Every structure is written in C-alpha cells, then in structure tokens.
Amino acid sequence: MTGLLSIVVLVIAASRVGAATPTSPSIVLIVADDLGYNDLGCLGGQIISPNLDRLAAEGIRLTNFYVAWSACTPSRAALLTGRYPQRNGISDMIRNEAPDYGHRYTAAQYAATFERIGGMDVRESTLANYLSDAGYRCGIYGKWDLGSLRRFLPTSRGFDDFYGFVNTGIDYYTHERYGVPSMFRNESPTVDDRGTYCTDLFLREALRFLDQQPSDQPYFLYLPFNAPHNSSSLDPKIRSTIQAPERFKAMYPEVAPTYRTTDRYRYGNPATVVTTEARRRDYAAAVTCMDDAIGQVISRIESRGQLDQTIVIFLSDNGGGGGSDNTPLRGKKSTMWEGGVRVPCLVRWPDGNLKPGQVNHQLLTSLEILPSLCSAADADVPADVTLDGFDWWDTLRGDTDSPRKSMFWKRQDRCGARVGDWKWVDMPDKGQGGLYRVTDDIGESNDLSQQYPDVLEDIQAKYRQWENEMQDAPPRGPFRDF
C-alpha cells in the first residue's frame, strides 16, 4: 500500500511539474507611438535604450519592415486584425479636428462626437479573439484607439483585462483628451490615477497581469504605449512637446532656453512653445522611460523562468513624428515616404529557433504578425477570414525568402506602393511623389519616373488592382457607404 501511494504521489507531482510551463508560447507585443526609424541606441542613435538594445542583441532586428498605415488608428487596427485598413474598415483616423483650432469640448459635447462614437466594425476579429479561443489569457495596457463605446472596447474584442485610454492621444499626467478624461479600466471610465505619468501606469498594470498569470497558462500581453507621441493638450507649452518625467530628462544634457515665443503657431498666436532642442530632449526622455518600463516587464518574465519560451515583438505604429530621428529615411509620420511607413521592429524567441543578434533585411510587414502568432500559438483563424499576411517564422529563421513581394498604402488622396525593389509615392496635396528603387535609394532622393516609365506603369496597375480588391471586400465601417 505504501509503494502504491508513493507511485500516486510521484505521478501527481510529475503532472504538476509538467503543468508548470505552458505548452504554447506566451506572447508580449509592444508598440511604441511615433518612434523614429533611427532612434534606438543599437542603431547608433543618441537615445538611451538599453532594454530595447538587449532585445535586438538577443533577437532579430528587421530593417525592411513596414506598417499598414502612416498614422495611429488604421495601423493598430491592421496589426490586430492582420488585414489591410481598407479591408477591416478602419481606413482613417477616429478623431475630431476641432481641437486643431483650439476648441475645447465639454464632456457632453465630446460624448456625441465621432471620436467617441466611431469604432472598428464588430464583425472584425482581433488577435486576442483567436488567442483567447486557443486558451490564452489576454491583457492590454495602454493605447486602444479603436473605439470607446462598450461594444468597441478591448473587453468586447477578445481581451480579458484592459487599462488604458481609448482615443488617439492624451495628456500624460491628467489623462485628458483636450480637457476630457479618457482613461478606462475595462468598460468604465476612471480618474483614479490622475496625476501619475501614464507610462508608469501601463507598467504597473502589465506587472500586475504577469503576477496574476497562472504558471501553466499561456498569455498574450499587449502593451501599446503612447510614448513618444506628442501630448494632447490645448496648452502650447505642453502640446508642442512630449511630456516626460524629470528623472529621465536629467539623463540628457541640459537644454537652454527651453521655451520660445512664436507668431507662427498652428493653433493660435502669439504662443509660447518649446524649442527644437527641448522637444528632442523631451522626446528622448519619453523613449528612455518607455525603455525602462519594457526592461521591467522583461525582467519580471525572466524571474518566472519563462523568457526564452515567450515571443517578444517590439515595433512602432508608424514613422517618427516631431522630435524623432528617421535617418536615413525621407519624410515622417503621415506621409507615404519611407519615413512614414517603414519602422523599427525587434523579435525575440529563442525557443522558436530564432538566433540572437541577427539582422534581417527581408521585406516584411505588420500584417505578418497576426498569422505568425496564431501559427505559433496553434490558434485557428476561420477559413472565411481573409488575412493579408503570412507566417513569417521560416523567413526569420533564414530558411526561406519572404513571400511578400508587394505592399500598398492609401491615406485619403495619398498613395504608396512597394513592389519588389521599387517604391511609388503620390501625394498630390503636397505636390510630391515619384518612383524610387528603394533597395539602392532608401532615402528616396532620385526620382526614376522618367527613366523607367514601364516600371511606373506596372506599379500603378498593381496598385489599382489592389484598390479594386479592397473596394470589393465585404464592407466595414465607419468609413464605408453600406
């Protein structure tokens, strides 16, 4: 009897040991907001980013990586659905323009604006939906930007837990969107943490999520920061820069003067705004603060003995904005130049046979992330859901070339297309555009439209074909007429 009892005890203990590690990899997806292509320390930039540098050293750095739109909302929708913005329905920003002219809404006025009632079509499924169905626990802490009505919130889109803000930008300390409180916990607005820097809050919630996670259940931690996006405030002193904690500002050389007076401020004159040097300092400090938070998340996973089994992906949602360094790319956020759509991306997963310290120059995009993560997690995507990306793991391992041969962008009247080595840009509102061989001319400085008219015609034909495909896709709101 004693021997039989010992066997039973050993079997139970063995089963517990086996259950201590999830059979599927956990996933940490980190998104920066408006980070420049050349801003990480590992690229030789001047920003202090030891934790992201570590991810680059222990993982793979993608140099030829694009997002699906040149600004926040559609880019994030494409990331979470694996579908072009024109296919999933979020083909433009969900925001109001009135604050651009200095208007401050009352809470009642704001509640009836498009920024508060628009959202991603409820027929769309997100990465969290697929992972949740596969047994993952899913948490999001940071910038949602896909709708603020209850049916649009993360907890209605596959996530189990949410703390963050629901629109395109906030004041980092008051958490207001141009004067209106915008922070949520799950489905309820909250002002409990007003006054605390929001990156610190998103870190707090991410660590709480990790600490509460059962050791035998895989998780999906989505950490979409708003750093280093500029601050959403009607005060020119705040709006003209990126808020950052003083201790991180102190890590950079002192700037003087910090402010200047201008009669050419976009939102009303005269105005007191930060100097260019101060804005760059503030931007760098916000990135370093975010980097510090990422380091603490990585350390917490490492302390659980699960870091190598965890897929960690870091990217920017679009090209760099004010204060960023997009060198050697042309343009910035909101443009169809490389500086608007080509972004830094880091991937770490040792247990997935990703060799450390690699630099991958293959053509890849954010549309690949959802199918790749679903593949790694053994999560099913219904056969009737059209994805615009593919499983990238063999490409990252160096076993195959990237299957992607083209990528297309559309923002209102602005167009862009990457086909093979070539890039076509058309921004009629700016009177800019041209044809560029970006494999040789990453800075898009030499327009080859006249020399290669056949190439230009071919790319434009492929763009029109893509545009027709998007138009024929099942209609999604809020920008489609159906």
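Each remark here, short or long, concerns the structure printed above.
Here, residues in each chain are numbered from 1, in the same order as that chain's written sequence. Local features in a predicted model are, by the rule used here, given only for residues with pLDDT of at least 70; side-chain atom pairs are given and counted only at 80 or more, and totals for whole chains, interfaces and linings are based on all residues. With hydrogens and water stripped out, all remaining heavy atoms of the structure feed into the side-chain values.

Trainee: So what exactly am I meant to see when it comes to the sheet that holds strand β20 (residues 432-437) here?
Mentor: Pairing between the strands of a sheet is mediated by backbone hydrogen bonds and can be parallel or antiparallel. Here the rule is simple: two strands pair whenever DSSP picks up at least two bridges between them. Put simply, DSSP H or I for four residues or longer makes a helix, DSSP E for two residues or longer makes a strand, and each gets a number counted from the N terminus. Reading across from one edge, β17-β18-β19-β20 is the order of the four strands in this open sheet, with antiparallel pairing throughout. The open sheet has two free edges, formed respectively by β17 (406-411) and β20, since each of these has just one partner strand. Averaged over all adjacent pairs, the angle separating strand axes in this sheet is 5 degrees, with direction ignored. Across six bridges, the pairing between strand β19 (residues 422-427) and β20 is antiparallel. Each residue of the ladder has a partner; that of Lys-423, found in β20, is Tyr-436. Contact criterion: two residues are considered in contact whenever any of their non-hydrogen atoms come within 4.5 Å of each other. Axes, fitted as lines to C-alpha atoms, cover a helix only where it is in contact. Angles between the N-to-C directions of the axes lie from 0 to 180 degrees. Where helix α15 (residues 453-472) meets the sheet, its contacts fall on β17, β18 (414-419), β19 and β20, and the angle it forms with β17 comes to roughly 70 degrees.

Trainee: Is there a simple way to explain the environment of Ile-311 in this structure?
Mentor: Residue position: Ile-311 is located in strand β13 (residues 311-316). Residues Ile-311 and Ala-376, spaced 65 residues apart in sequence, show a C-alpha to C-alpha distance of 9.0 Å. With residues near it in sequence (within four places) discarded, Ile-311 still touches Pro-25, Ser-26, Ile-27, Val-28, Arg-348, Trp-349, Leu-373, Ala-376 and Trp-393.

Trainee: Help me understand the packing of aromatic side chains in this model?
Mentor: Each aromatic ring pair is characterised by the separation of its centres together with the angle its planes make. Two rings from Phe, Tyr or Trp (for Trp, the six-membered ring) form a pair when their centres sit within 6.5 Å of each other. Planes less than 30 degrees apart are called stacked, planes more than 60 degrees apart edge-to-face, and all others tilted. Evaluated as defined, the whole model comprises 22 aromatic pairs. With centroids separated by 6.0 Å and ring planes inclined at 40 degrees, the aromatic side chains of Tyr-105 and Tyr-110 adopt a geometry described as tilted. Only protein chains enter the accessibility calculation, which uses a 1.4 Å probe; a residue is then buried when its area is under 20% of its type maximum, exposed when over 50%, and partly exposed in between. Owing to a relative accessible area of 15%, Tyr-105 belongs among the buried residues under this scheme. The rule for a charge over a ring is simple: NZ of Lys or CZ of Arg within 6 Å of the ring centre, and within 35 degrees of the ring normal. Geometry around Tyr-163 places Arg-204 over its ring, the cationic atom sitting 5.6 Å from the centre. Looking at Lys-237, its charged tip hangs above the ring of Tyr-259, at a distance of 5.2 Å from the centre.

Trainee: Looking at this structure, I do not really get the packing of helix α2 (residues 50-58) against helix α11 (residues 276-303). What am I missing?
Mentor: Each pair of packed helices can be described by the angle between their axes along with the distance between the axes. Where α2 meets α11, the closest approach of the two axes is 7 Å, and the angle between their N-to-C directions is 55 degrees. On the basis of the axis angle, α2 is oblique to α11. Between α2, through Pro-50, Asn-51, Leu-52, Arg-54 and Leu-55, and α11, the contact on the second element is made entirely by Asp-291, Asp-292, Ile-294, Gly-295, Ile-298 and Glu-302. For classification, angles of less than 35 degrees are called roughly parallel, those exceeding 145 degrees roughly antiparallel, those between 65 and 115 degrees roughly perpendicular, and all remaining angles oblique.

Trainee: Would you take a moment to explain the environment of Gly-142 for this structure?
Mentor: Tracing the backbone through its elements, the reader meets Gly-142 in strand β4 (residues 137-143). Taking the C-alpha atoms as reference points, Gly-142 and Thr-23, 119 residues apart in sequence, are found 28 Å from one another. Setting aside chain neighbours within four positions, we find Gly-142 in contact with Phe-162, Tyr-163, Gly-164, Phe-165, Phe-202 and Pro-224.

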